[in-house]
Amino acid sequence: MHEFAPDLFRLDGRVALVTGGAGLLGRRYCEALVQAGARVVVADLDAQRAHALASELNADHSCAAGCGLDVTDSRSVSDCVESAIAAFGRLDILVNNAALTVRGGSETPKPADYFAPFEEYSLEVWNSALQTNLTGMLLCAQAAGKQMLRQASPGGVVVNISSTYGVVAPDQRLYDGVKTPYADTGFNTPVSYAVTKTAVLGLTRYLATYWASKNIRVNALTPHGVFDNHDETFVRNFVYRSPMGRMARNDEYRGALLFLVSDASSYMTGANLIVDGGWTAW
Ligand SMILES: NC(=O)c1ccc[n+]([C@@H]2O[C@H](COP(=O)([O-])OP(=O)(O)OC[C@H]3O[C@@H](n4cnc5c(N)ncnc54)[C@H](O)[C@@H]3O)[C@@H](O)[C@H]2O)c1
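Residues numbered from 1 in each chain as written. Predicted model: local features only at pLDDT ≥ 70, side-chain atom pairs only at ≥ 80, totals over all residues. Heavy atoms only, no water.

Novice: Give me the lowdown on the pairing of strand 1 (residues 15-19), citing residues and values where you can.
Specialist: Among the five residues that make up strand 1, five are buried, leaving the element largely enclosed by the rest of the structure. Because side chains alternate across strand 1, one face comprises the buried residues V15, L17 and T19, and the other comprises A16 and V18, equally buried. For strand 1 and strand 2 (residues 39-44), the ladder comprises five bridges, and the chain directions are parallel. Residue pairing in the sheet places V15 in a bridge with R39 of strand 2. (Buried < 20%, exposed > 50% of the residue type's maximum accessible area, 1.4 Å probe, protein only. Helix = DSSP H or I, 4+ residues; strand = E, 2+ residues; numbered from the N terminus. Pairing = 2+ DSSP bridges.)

In structure tokens form, the structure reads like this:
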């Protein structure tokens, strides 16, 4: 009898690099990867938070390293992959999770610019979202892929983080009447975010087929709105629109991530795993 056990999800002996690893969801991914047995490089523009999380994860046993990383800078990306090799000797998993948001990173755009109406949207913010959310993923996949192919047994796994707003357009009614913490600025899902997250799905399909014969699997994970002290009106609008009637908790994408990076998904590439409480089902 073939054994089917949670062992399928184990990652012992594997090394993962998580970009934006110090952010709201990135840190949950890092924790889950460590719990599944992987050694993890927490890579983030905010180097201090990346190192702090790595130290936290190392409290029990030595399993993590922090790395300052700017995904938009190819030198910084290759340095980070080098530091993963220096720390752990190999690289098996890349989680392309970093994105331009108003919460994370030390160089975030001003909310007034990030949430500006489409008619006024500045080329500067648009370009910087393209750089971080799309070009950054490409640079990280390039550097990680090179390393994965040059290892003794070539291969690996890449997970690109998209968003439901890469799959369907944002419902602008969600933002009706929402008060924001940003003084007189509006709150919405801007065009820069929705369009770059759509492009992530194209990059995923391209790389999946390009590397399919080389034993590198590439899939997308599509999370949906995570509750993070949002305004009451926004939550009410969201809950009304959500089949499951709630926002996600920040730990609810860990299982999907472990599935995608482990042998549990060994026959899956070029796919997009949508975890959205049913949002895109109607
Ligand atoms: N939070 C949600 O509701 C939600 C929903 C759907 C998809 N997502 C996606 O999940 C991912 C993580 O989102 P989050 O909510 O944790 O965001 P977050 O802002 O908390 O974390 C993003 C992290 O990326 C880092 N970062 C930004 N620019 C960078 C750069 N140039 N180089 C390296 N790191 C950089 C930031 O410092 C930050 O730590 C993003 O790709 C986001 O689009 C989030």
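Back to the text.
Novice: Please give an account of the sheet that holds strand 5 (residues 156-161) that cites residues and values.
Specialist: Pairing is parallel in the open sheet, where seven strands are placed in the order 3-2-1-4-5-6-7. For this open sheet the edge positions go to strand 3 (64-68) and strand 7 (272-275), each flanked by a neighbour on one side alone. Direction aside, the axes of adjacent strands within the sheet are offset by 20° on average. (Axes fitted to C-alpha atoms, helices over the stretch in contact; angles between N-to-C directions.)

Novice: Describe the site of the ligand, listing the residues and the values that go with them.
Specialist: For the ligand, the set of nearby residues contains 28 residues, the closest of which are L25, D44, T101, R103 and Y193. Between the ligand and D70 there is a distance of 3.0 Å, counted from a nitrogen atom to a side-chain nitrogen or oxygen. Considered on its own, the ligand offers 820 Å² of accessible surface; in the complex 94% of this is hidden by protein. Of the residues assigned to the shell around the ligand, the class counts are twelve nonpolar, eleven polar and five charged. (Near = heavy atom within 4 Å. Polar contact = N/O pair within 3.5 Å; in protein donor to acceptor, adjacent residues only side chain to side chain. Areas by Shrake-Rupley, 256 points an atom, 1.4 Å probe, with all protein chains shown as cover. Nonpolar A, V, L, I, M, F, W, Y, C, P; charged D, E, K, R; others polar.)

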